[in-house]
Amino acid sequence: MGRVGVLLLNLGGPDKLEDVQPFLYNLFSDPEIIRLPFSWLQKPLAWFISTRRSKTSQENYRKIGGGSPLRQITEAQGEALREQLAQIGEEANIYVGMRYWHPYTEEAIAQIVNDGIDELVILPLYPQFSISTSGSSYRLLEKIWQENSKLQQVKYSVIASWYKQPGYLQAMAELIAQELDQLENPDEGHIFFSAHGVPKSYVEEAGDPYQQEIEECTYLIMQTLNRSNPHTLAYQSRVGPVEWLQPYTEEAIEELAQEGVNNLVVVPISFVSEHIETLEEIDIEYREIAEEAGITNFRRVPALNVHPVFIQALADLTVDALKSPSISFAQVNQMKKKVKIYPPERWEWGITTSAEIWNGRVAMLGFLALMIEILTGHGLFHAVGLL
Ligand SMILES: C=CC1=C(C)c2cc3[nH]c(cc4nc(cc5[nH]c(cc1n2)c(C)c5CCC(=O)O)C(CCC(=O)O)=C4C)c(C)c3C=C
Ligand SMILES: [Fe+2]
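Just so you know, these numbers come straight off a predicted model, no measurement behind them.

Reading the values: rules and limits
Residues numbered from 1 in each chain as written. Chains lettered and ligands numbered in written order. Predicted model: local features only at pLDDT ≥ 70, side-chain atom pairs only at ≥ 80, totals over all residues. Heavy atoms only, no water. Salt bridge = Lys/Arg side-chain N within 4 Å of Asp/Glu carboxyl O. Helix = DSSP H or I, 4+ residues; strand = E, 2+ residues; numbered from the N terminus. Buried < 20%, exposed > 50% of the residue type's maximum accessible area, 1.4 Å probe, protein only. Near = heavy atom within 4 Å. Polar contact = N/O pair within 3.5 Å; in protein donor to acceptor, adjacent residues only side chain to side chain. Areas by Shrake-Rupley, 256 points an atom, 1.4 Å probe, with all protein chains shown as cover. Nonpolar A, V, L, I, M, F, W, Y, C, P; charged D, E, K, R; others polar. UniProt positions renumbered as here; feature names shortened; annotations may be inferred. Bend = angle between axes of the 7 residues up to and from the residue. Contact = heavy atoms within 4.5 Å. Axes fitted to C-alpha atoms, helices over the stretch in contact; angles between N-to-C directions. Parallel < 35°, antiparallel > 145°, perpendicular 65-115°, else oblique.

S.K.: Before we go on, may I ask you to explain the pattern of salt bridges in this structure?
M.R.: A pair can form between side chains of opposite charge whenever their charged atoms are brought close. As enumerated under the stated definition, the model contains 17 salt bridges in all. Arg 71 serves as the salt-bridge partner of Glu 75, at 3.1 Å between the closest nitrogen and oxygen. Taken as a pair, Glu 75 and Arg 71 lie in helix α3 (residues 70-87) at a separation of 4 residues, close to a single helical turn. On the basis of relative accessible area, Glu 75 is assigned to the partly exposed category, the value being 37%.

S.K.: I'm lost on the site of ligand 1 in this one. Help?
M.R.: Not every one of the 26 residues close to ligand 1 is listed here, only the nearest: Arg 53, Ser 57, Tyr 61, Ser 68 and Ile 276. Measuring from an oxygen atom of ligand 1, one finds a side-chain N or O atom of Tyr 61 at 2.5 Å. When ligand 1 sits alone it has 810 Å² of accessible area, and the protein chains cover 96% of it. Among the elements of the structure, α1 (20-28), α2 (42-63) and α10 (276-292) are those that each provide at least two residues to the shell around ligand 1. If you tally residues by element for the shell around ligand 1, the top one is α1, at 4 residues. Its residues placed into classes, the shell around ligand 1 shows 15 nonpolar, 9 polar and 2 charged.

S.K.: I tried to follow the UniProt feature "binding site: Fe(2+)" (unreviewed entry) in the chain on my own but got confused; where do I start?
M.R.: Under the UniProt annotation, "binding site: Fe(2+)" (unreviewed entry) lies at His 196 and Glu 277. The largest pairwise C-alpha distance within this set of annotated residues, which runs over 82 residues, is 8.3 Å, so the set is compact in three dimensions. Inspection of the secondary structure assignment puts His 196 in strand β5 (residues 190-196). Among the residues examined, His 196 registers a relative accessible area of 28% and is labelled partly exposed.

S.K.: How do you make sense of α10 when you look at a structure like this?
M.R.: Residues spaced three or four apart along an α-helix point in a common direction, a consequence of the helix completing one turn every 3.6 residues. Bending of α10 peaks at approximately 35 degrees at the position of Ile 282. Within α10 the residues assigned to the buried category are Ile 276, Glu 277, Thr 278, Glu 280, Glu 281, Ile 282, Tyr 286 and Ala 290. Buried positions along α10 lie against α2, β5, β6 (231-236), α9 (249-258), β7 (263-268) and β8 (297-300). Downstream of α10 by a residue or two, Gly 294 has a phi angle that is positive, lying close to 110 degrees.

S.K.: Can you help me understand the packing of helix α6 (residues 166-180) against helix α11 (residues 308-323) in this one?
M.R.: The relative placement of two packed helices is expressed as an angle between their axes plus a distance between the axes. The contact between α6 and α11 brings their axes to 8 Å, and the two run at 170 degrees. Here α6 lies roughly antiparallel to α11, going by the angle between them. Listed contacts from α11 to Gly 167, Tyr 168, Gln 170, Ala 171 and Glu 174 of α6 are Val 309, Phe 310 and Ala 313. Its residues assigned to classes, the contact of α6 with α11 shows 5 nonpolar, 2 polar and 1 charged.

Okay, structure coming up:
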């Protein structure tokens, strides 16, 4: 067997406050994050939104120590995975490829080529698939592969999503049980799964399987936990003016408080590391909402980070992927059958009358909104909290 590598894909986060604006620019430049019908508006809009949003975002990063812990945790997960694989005789180099900040996916791939890796397992650190996360990274990798003839010699396996992996479910259940057991009466804890949201149109129009995978994952974790506690699933981190998956976390917390729930155990479900949305949004913002609504006992289950059962699960996924036949990025997207990666069909380019009409309408609306914002400092994006 040749030299083996594992590429861990993740979103990335600003290491320090000065990185926040360029990080946000990278994020909003991605058409999988803001879906515009034509590409020329993407970069100006990304610049505009990132500039306007960076102050609030910086304040949030300041509250969690001045930057995202994501790089350091992902590197620690990589090192733990390398050791776990070595213990079972599988020597592998581990690479971290972030989508929007250092170490970028492109940097990881350059290193993989340099190291002469022959077999590569591509493992996203997102248990569930979304167009906006794993889908975006696969799309980027497909492009990088097409442009680099050396990469075409590398045999690669892509893991599409892995929320059903038994070790992952076991590790999640263990962490939840530990938190419940700290309650005076563990049976009274209301388990509150909080998933990162996506716009509703991703699921309903673009066919993103994310919501279905999150729902199934929640069900499987509850089965593995095997306790009779009540549970709720809601979606957090909404950005921008459009409707996102519902119920929204803040509203669901308030409703539970009204129903008399007093012991809330919040479980972050779409991400395996601590990050701004656990450390700031859940631990500070949602805690405040819950306490104001009358919930006196608000607890949060820690993220998996380097939990040994979870690291073993990543090792098992890697070993299985090395044994299975290779699947390409395109095949992954086909497997996630409902997914039509951007641009969705209804926006397809072409000199069709409807395309011209829609392009014109949206361009005019976009410019109008931008002009209003620039001239007045107020407007739709500002009003709804996107800027
Ligand atoms: C499975 C996880 C995630 C999904 C799905 C996702 C979709 C998504 N996110 C935004 C907008 C933002 N995300 C931001 C940061 C961020 N998002 C995730 C995870 C998912 N995003 C992570 C892990 C992080 C970074 C964490 C860190 O510690 O730095 C941000 C920046 C932070 C902020 O300003 O609030 C934005 C903005 C959209 C629009 C979207 C789906 C379309
Ligand atoms: Fe996000």
